[in-house]
Amino acid sequence: MAPGGERPLRELAERDGIEIIDQRALPHRLTWGALRDAEAVADAIAQMWLRGAPLIGAAAAYGLALALRRDAGDAGLALAAARLAATRPTAVNLAWALGRVRRRVQPLPPAERAAAAWAEAGRIAEEDVATNGAIGEHGLVLLREIAARRPGRPLRVLTHCNAGWLATVGWGTATAPIYKAHAAGLPIEVWVDETRPRNQGASLTAWELARAGVPHRLVADNAGGHLMQRGEVDLVIVGCDRVAANGDVCNKIGTYLKALAARDNGVPFYVAMPLSTFDPGLPGGDATPIEERSAREVTHIAGLAEDGRIVEVALAPEGTDAANPAFDVTPARLVSGLVTERGVFAANAQALGALAGARTGEAT
Ligand code: MRU
């Protein structure tokens, strides 16, 4: 299937829940899991069966709709929204999607809320695909411009973490321009950061790109600076989990170091950003809530054993203490531009202020 048609989330046939790809088993096995109530959705988000800012937003919206089938009163609505919002703190899409569903159903009588919430969740999911498709088109223009300055060889793009279709409802954000460029015949090669500790690059981005036939090479996280010094990277493009009003960008841990290396080597550093990831209420990135995850993600690693089982093994001495901040903040001054569904914008308060009211579905 073409990348634009691949989806990691779908409604169950009877609409009694959603089905999602269980990303914990990738790249070794493609398995789907059914989530039939809000608690199951919350657990799946917290345990990272599904992840990626836009995808957890859409899934949480469906989760809220499922909760309203059991209790559509004001207290039930507030409780379910709070439970879902608490699953992962950093990506603002989660709060954005829940807020959007709440605003839609709050004025309705309880008997009408669950159906209206389900329909709104469906709209959030569909709009995400269209939004990312538009990011892809705007990003493609950018990639063509940069490629034109380097004729005679493929365009070399470095990306971090997984901001592909697995992290959204469709297309991906950072990968959308890459998929569109590949489909348009623009020669392109992708450097895929492995993205320790959970290895979203190695296990998810590499899997997606291989499935789509996009040439790519996996690199250890520490290789990026060296590749940039050697002129092996034409641009960096990453996704994001929250963008502050001043243009600071929060994304997967390690993004900041890529931006520093890019600046030092004159490599453009772009951030693909659906406007649902913009947090106009956050003045600067230093106030972003950074998720601290389990030390075990650092001290252990999961992989495929020779007998076909997915197993976890220890990397560090038993009892090693580890810190595991899951995200970092890249200051706006290091960002060459934000690739949004409305076009490419500077990462600053002025440009973002003009975009603040343009988030899809905001008026609903
Ligand atoms: O912890 P994760 O895997 O949910 O982190 C995901 C990322 O940091 C992505 O780059 C970001 O959510 C953008 S996804 C389009």
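The rules we used
- Residues numbered from 1 in each chain as written.
- Predicted model: local features only at pLDDT ≥ 70, side-chain atom pairs only at ≥ 80, totals over all residues.
- Heavy atoms only, no water.
- Helix = DSSP H or I, 4+ residues; strand = E, 2+ residues; numbered from the N terminus.
- Rg over C-alpha atoms; globule rule 2.2 N^0.38 Å.
- Buried < 20%, exposed > 50% of the residue type's maximum accessible area, 1.4 Å probe, protein only.
- Lys, Arg positive; Asp, Glu negative; His and termini not counted.
- Charge placed at Lys NZ, Arg CZ, Asp CG, Glu CD.
- Phe/Tyr/Trp six-rings, centres within 6.5 Å; stacked < 30°, edge-to-face > 60°.
- Lys NZ or Arg CZ within 6 Å of the ring centre and 35° of its normal.
- Domains from an automatic or database assignment.
- Contact = heavy atoms within 4.5 Å.
- Buried area = accessible area lost by both parts, 1.4 Å probe.
- Salt bridge = Lys/Arg side-chain N within 4 Å of Asp/Glu carboxyl O.
- Polar contact = N/O pair within 3.5 Å; in protein donor to acceptor, adjacent residues only side chain to side chain.
- Nonpolar A, V, L, I, M, F, W, Y, C, P; charged D, E, K, R; others polar.
- Near = heavy atom within 4 Å.
- Areas by Shrake-Rupley, 256 points an atom, 1.4 Å probe, with all protein chains shown as cover.
- Pairing = 2+ DSSP bridges.
- Core = buried A, V, L, I, M, F, W, Y, C linked by side-chain atoms within 4.5 Å.
- Axes fitted to C-alpha atoms, helices over the stretch in contact; angles between N-to-C directions.

**Some thoughts on the overall build of the chain**
1) Next: Looking only at helices and strands, the chain features eleven helices and 16 strands.
2) Next: What you see for the chain is a C-alpha radius of gyration of 20 Å, in line with the 21 Å of a compact globule of 364 residues.
3) Next: Overall, the chain is about 60 × 55 × 40 Å in size when its C-alpha atoms are taken along their principal axes.
4) Next: Per-residue burial over the chain gives 56% buried out of 364 residues.
5) Next: Within the chain, the 41 negative side-chain charges are centred at a point lying 3 Å from the centre of the 38 positive side-chain charges.

**Thoughts on the packing of aromatic side chains**
1) Next: This model, assessed by the stated rule, comprises two aromatic pairs.
2) Next: Considering the side-chain rings of Tyr 62 and Trp 118, the 4.8 Å spacing of their centres and the 70 degrees angle between planes classify their relative orientation as edge-to-face. Residue Tyr 62 is found in helix H2 (residues 53-70), and its partner Trp 118 is found in helix H5 (residues 110-148); the two are separated by 56 residues along the sequence.
3) Next: Judged by its relative accessible area of 5%, Trp 118 is buried.
4) Next: Between the aromatic rings of Trp 165 and Trp 207, the centroid separation amounts to 5.9 Å while the plane-to-plane angle is 50 degrees, which identifies the pairing as tilted. Remark: Trp 207 occurs in helix H7 (residues 200-212) and Trp 165 occurs in the loop between strand E4 (155-159) and helix H6 (175-183); sequence separation between them is 42 residues. Note on accessibility: Trp 165 and Trp 207 belong to one class, buried.
5) Next: If you follow Lys 180 out to its NZ or CZ, it ends over the ring of Trp 171, 4.2 Å from the centre.
6) Next: We note Lys 252 situated over the ring of Phe 327; from NZ or CZ to the ring centre the distance is 4.1 Å.

**Side note on the domain arrangement of the chain**
1) Next: Taken as a whole, the chain is organised into domain 1 (9-127) and domain 2 (130-356).
2) Next: Facing 28 residues of domain 1, the contacting portion of domain 2 comprises 36 residues.
3) Next: Summing both sides of the interface, domain 1 and domain 2 together bury roughly 2,600 Å²; the carbon and sulfur share of this comes to 57%.
4) Next: Sorting the residues of domain 1 by area buried against domain 2 places Arg 51, Thr 90 and Val 92 first, and these three jointly supply 23% of that buried surface.
5) Next: The interface formed by domain 1 and domain 2 holds one salt bridge in total.
6) Next: Here domain 1 and domain 2 share 15 residue pairs in polar contact (both at pLDDT 80 or more) between them.
7) Next: Residue assignment for the side of domain 1 that touches domain 2 shows that the elements contributing at least two residues are H2, helix H4 (92-105) and H5.
8) Next: With four residues, H2 is the largest single contributor of residues to the side of domain 1 that touches domain 2.
9) Next: In the side of domain 1 that touches domain 2, the residues fall into 16 nonpolar, six polar and six charged.

**Concerning the site of the ligand**
1) Next: Taken together, 18 residues surround the ligand, and among them Arg 51, Arg 88, Gln 200, Asn 251 and Lys 252 come closest.
2) Next: For the ligand, an oxygen atom lies 3.0 Å from a polar atom in the backbone of Gly 52.
3) Next: Separating an oxygen atom of the ligand from a side-chain N or O atom of Gln 200 is a distance of 2.8 Å.
4) Next: In isolation the ligand has 410 Å² of accessible area, and contact with the protein removes 99% of it.
5) Next: Secondary-structure elements contributing two or more residues to the shell around the ligand are H2 and strand E9 (249-252).
6) Next: Of the residues in the shell around the ligand, the class split is eight nonpolar, six polar and four charged.

**Quick word on the sheet that holds E9**
Remark on secondary structure: sheet strands pair via backbone hydrogen bonds, oriented parallel or antiparallel.
1) Next: What the four strands build is an open sheet, ordered E11-E8-E9-E14; its pairing is mixed. Looking at strand neighbours, the two that pair on one side only are strand E11 (278-279) and strand E14 (327-330), the edges of this open sheet.
2) Next: Across two bridges, strand E8 (residues 242-244) lies against E9 in antiparallel orientation. The residue of E9 that forms the bridge with Arg 242 is Cys 250.

**Comments concerning the environment of Leu 35**
1) Next: By the secondary structure assignment, Leu 35 is in strand E3 (residues 32-35).
2) Next: Between the C-alpha atoms of Leu 35 and Gly 63, which are 28 residues apart in sequence, the distance is 8.5 Å.
3) Next: Each residue touching Leu 35, except ones within four places of it in the same chain, is listed here: Gly 17, Ile 18, Ile 20, Ala 40, Val 41, Ala 44, Trp 49 and Leu 66.

**Points about the nonpolar core**
1) Next: One finds Ile 18 and Leu 155 to be the most contacted residues of the largest nonpolar core, which totals 77 residues.
2) Next: Ranked by the residues each element gives to this core, the list is headed by H5, at 14 residues.
3) Next: Looking at which domains feed residues into this core, each of domain 1 (9-127) and domain 2 (130-356) gives three or more.
4) Next: Those residues in contact with Leu 155 that sit more than four places away from it in its chain are Leu 143, Ile 146, Ala 147, Leu 186, Pro 187, Ile 188, Glu 189, Asp 234 and Leu 235.
5) Next: Counting residues in each nonpolar core, the second largest holds 28 residues, with Ala 259, Ala 261, Ala 262 and Ala 347 among its members.

**Quick look at the sheet that holds strand E2 (residues 18-21)**
1) Next: Sheet architecture is open: three strands sit in the order E1-E2-E3, paired in antiparallel fashion. If you trace the sheet from one side to the other, it starts and ends with strand E1 (9-11) and E3, each paired once. Across the sheet, the mean angle separating the axes of adjacent strands is 25 degrees when strand polarity is ignored.
2) Next: Relative to E2, E1 runs antiparallel, the two being bridged by three bridges. Looking at E2, one finds that Leu 9 is bridged to Ile 20.

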